[in-house]
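# Structural description and commentary
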Amino acid sequence: MFIESRKLEMLHKIPVVKTEKYWKGLEEGKVYKAVCKNCGEEYYPPRAECLCGGEVEWAEVEGEGVVEAFTTVHTIPAGFEWHKKPYTITIARFGNVRVMGWAENVKVGDRIRIKTDKDETGVWKVYFEVV
Amino acid sequence: MRVGVVGVSCSKFGRRDDVTIQELAYEAVKEALDDAGITQDDVDLSVVGSVNTRGYELMPAVPVNEYCGFAGKGPLRVEAACATGAAAVYTAYTSIASKMADVAIAIGVEKMTEVDTATSLAIGGRAGSYLWEFHQYGTTFPGYYAMHASAHMAKFGTTEKQMAMVAVKAHRNAAKNPKAHFQKEITLEDALNSRVITYPLKLYDCSPISDGSAAAILASEEKIKELGIDDVVWIESVGYASDTANMTRRESFVGLKATVLAAEMAYRRAGIDDPVKQVDIATVHDCFTIAEIMAYEDLEFCRKGEGGKFAESGETDLGGKIPVNTFGGLKAKGHPLAATGVAMVYEIVKQLRGDAGELQVELKNYRGLLHNVGGTGHFAYVMVFRR
Ligand SMILES: [Zn+2]
């Protein structure tokens with residue numbers, strides 16, 4: 001015998017005040033990392049504070065990257081049912097930072113270029129294109 | 001001061017539609033108290049390990065504690081993703097080592113099957129850094145390990161067949177473990193032909209979604225003498241480490257740095273420089289087959305890159321140089337997150353006592369190794385037990 005629980009739904013409002021530059025950048029086709037002016041540390045995902053206490057500036061992730069890992073998701077999680085077919089999550093290295101993005105037909109070692117686009121749910125994100 | 005394990009237990013893993021989380025926890029607690037020959041009155045502190053992100057009881061420690069008869073003692077709630085069990089044991093251990101308690105119980109309990117699979121995947125996919133991973137890219141927990149598999153295959157030539165062999169071994173052992181979720185053997189073909197979950201991982205590369213509980217009772221050397229317990233497995237050393245939440249902040253995808261660091265700490269403290277020779281039984285965190293292959297390397301059972309070949313060699317089978325996951329692994333016994341690490345203590349203690357029946361390994365060093373990972377190498381615990 002079972003008792004069904006009362007339904008609980010949570011929708012969070014996530015503050016992106018400190019990383020607004022990044023999220024606005026995606027809409028302009030730009031992917032930003034954060035670079036510390038003091039110690040040179042590069043952050044991706046970007047953050048507005050360096051752990052050394054130094055001031056951070058925004059710099060674009062540009063040029064060609066190299067695929068280090070990927071997976072094609074066939075068993076799709078709740079929240080992504082709208083994507084009716086498998087999607088490929090890829091991690092690529094661009095100099096001192098690694099970036100996650102969606103790609104098609106990639107394998108480890110492929111050279112890829114970065115771009116941004118909006119998915120069907122209106123979320124802007126990183127996509128990679130094999131060079 | 002030495003800390004010993006005086007009582008262990010483990011529930012049947014699997015789909016447990018017959019119990020709530022607190023009832024499931026009590027199954028293990030009762031059995032562990034019986035095993036130690038003590039009662040709740042002898043316990044100073046209860047540590048409740050539960051991830052419980054799939055549960056309706058959002059703050060499970062107190063209901064679990066009350067049901068198990070520990071109201072008034074603790075509970076300390078511990079969460080370290082899939083390493084919650086080892087974290088709970090570590091917490092119990094430090095409370096005794098620091099003389100804040102003489103007897104402490106670590107309870108690991110997880111009910112994972114009360115929600116549907118798509119929801120479960122969406123929760124596991126949040127085991128990283130939500131806004132930068134799941135929110136945009138729909139990461140899943142198998143997906144994180146699949147990315148590691150892709151890198152390992154590309155760099156070292158590790159094959160899907162080698163991964164499948166890990167699964168075959170796990171099922172062969174689990175078939176003899178009455179506590180296991182899956183008590184049936186599978187063939188290499190079954191594994192290789194199973195459907196793709198997240199390329200390159202297939203169904204049989206993945207541990208199932210299981211319910212389960214386990215408990216371990218720890219006590220100080222002094223208290224052990226006082227209680228007149230003479231069959232004790234001692235905690236010889238403990239190592240722990242962590243790594244970045246974001247996958248993009250990692251230096252490599254062919255291993256887990258947290259495991260390497262935790263093993264260094266545990267080995268140094270126990271004086272281990274060749275685990276294959278100095279350990280009789282190892283439990284490693286094989287939530288996915290690639291995880292066991294990487295663990296062989298990160299725990300120094302073989303060189304980096306040779307984990308696939310080591311899986312093929314048979315040296316980790318029962319009767320091999322270093323039998324690994326003789327209980328069937330997370331892969332086939334099941335992986336009820338918080339229960340897993342505590343259940344590893346149960347399986348090691350049973351082996352070191354010589355009570356593992358058909359799955360018994362040969363004891364030369366009377367030493368067992370525990371390796372429990374949380375998230376995708378977000379946490380790692382390595383512990384050495386000795387009888
Ligand atoms: Zn800095």
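Predicted, not measured: the structure shown is a model, and the values here were computed from it. (Residues numbered from 1 in each chain as written. Chains lettered and ligands numbered in written order. Predicted model: local features only at pLDDT ≥ 70, side-chain atom pairs only at ≥ 80, totals over all residues. Heavy atoms only, no water.)

Further remarks concern the sheet that holds strand S2 (residues 42-43) of chain A. Residues and elements named next belong to chain A. Pairing within the open sheet is antiparallel, and its three strands lie in the order S2-S1-S3. Each edge of the open sheet carries a strand with a single partner, namely S2 and strand S3 (56-60). Two elements, strand S1 (residues 32-36) and S2, share two bridges in a ladder whose sense is antiparallel. Across the sheet, Ala34 pairs through a bridge with Tyr43, a residue of S2. (Pairing = 2+ DSSP bridges. Helix = DSSP H or I, 4+ residues; strand = E, 2+ residues; numbered from the N terminus.)

Low pLDDT means the predicted atomic positions in that stretch should not be read closely. Taken residue by residue, chain B gives an average pLDDT of 97. The fraction at 70 or more is 100%. Here the predicted complex carries an ipTM of 0.97, next to a pTM of 0.98. (pLDDT = per-residue confidence, 0-100.)

On the chain B side, the residues contacting the 39 residues of chain A number 35 residues. Here chain A meets chain B over a buried area of about 3,200 Å², counting both sides, of which 69% is carbon and sulfur. Applying the counting criterion to the chain A and chain B interface returns one salt bridge. Notably, a salt bridge pairs Glu41 of chain A with Arg249 of chain B, separated by 3.4 Å at the nearest N-O pair. Elements represented by at least two residues in the side of chain A that touches chain B include exactly helix H1 (20-27), S2, strand S4 (64-73), strand S5 (87-94), strand S6 (97-103) and strand S8 (124-130) of chain A. Counting residues per element, the side of chain A that touches chain B draws most heavily on S4 of chain A, at six residues. (Contact = heavy atoms within 4.5 Å. Buried area = accessible area lost by both parts, 1.4 Å probe. Salt bridge = Lys/Arg side-chain N within 4 Å of Asp/Glu carboxyl O.)

Take Arg250 of chain B: it is sitting in the loop between strand S8 (233-242) and helix H10 (257-270). There is a polar contact of 2.9 Å between the side chain of Arg250 of chain B and the backbone oxygen of Thr376 of chain B. Other than its neighbours up to four places away in sequence, Arg250 of chain B contacts Arg98 of chain A together with Asp243, Thr244, Leu256, Thr376, Gly377 and His378 of chain B. (Polar contact = N/O pair within 3.5 Å; in protein donor to acceptor, adjacent residues only side chain to side chain.)

Before going further, it helps to spend a moment on the packing of helix H6 (residues 141-156) of chain B against helix H12 (residues 289-298) of chain B. Residues and elements named next belong to chain B. The geometry of H6 relative to H12 is characterised by a closest axis approach of 9 Å and an angle of 60° between their N-to-C directions. Taken together, the axis directions place H6 and H12 in an arrangement best described as oblique. When the axes of H6 and H12 are compared, the crossing they make is left-handed. Residue-level inspection shows Tyr145, His148, Ala149 and His152 of H6 in contact with H12, the latter providing Ile290, Ala291, Ile293, Met294 and Glu297. Classifying every residue of the contact of H6 with H12 gives six nonpolar, two polar and one charged. (Axes fitted to C-alpha atoms, helices over the stretch in contact; angles between N-to-C directions. Parallel < 35°, antiparallel > 145°, perpendicular 65-115°, else oblique. Left-handed = near helix turned anticlockwise from the far one by under 90°. Nonpolar A, V, L, I, M, F, W, Y, C, P; charged D, E, K, R; others polar.)

This part takes up the domain arrangement of chain A. Residue and element names in this part refer to chain A. Assigned domains of chain A: these are domain 1 (12-60) and domain 2 (63-131). Each of domain 1 and domain 2 was reduced to a C-alpha centroid, and the two centroids are 20 Å apart. On the domain 2 side, the residues contacting the 10 residues of domain 1 number 10 residues. Of the roughly 800 Å² buried between domain 1 and domain 2 on both sides combined, carbon and sulfur atoms contribute 70%. Summed over the shared surface of domain 1 and domain 2, the result is zero salt bridges. Where domain 1 packs against domain 2, one counts three residue pairs in polar contact (both at pLDDT 80 or more). When residues of the side of domain 1 that touches domain 2 are traced back to their parent elements, those giving at least two are H1 and S2. Looking at the side of domain 1 that touches domain 2, the element that brings in the most residues is H1, giving three residues. (Domains from an automatic or database assignment.)

Residue and element names in this part refer to chain B. Spatially, the nine strands line up as an open sheet ordered S3-S2-S4-S7-S1-S8-S11-S10-S9, and their pairing is mixed. On the outer flanks of this sheet lie strand S3 (76-78) and strand S9 (281-283), each paired with one strand and no other. With strand direction ignored, the average angle separating the axes of adjacent strands in the sheet is 25°. Pairing of S9 with strand S10 (residues 367-374) involves three bridges; the strand directions are parallel. Bridged to Ala282 within S10 is Leu369.

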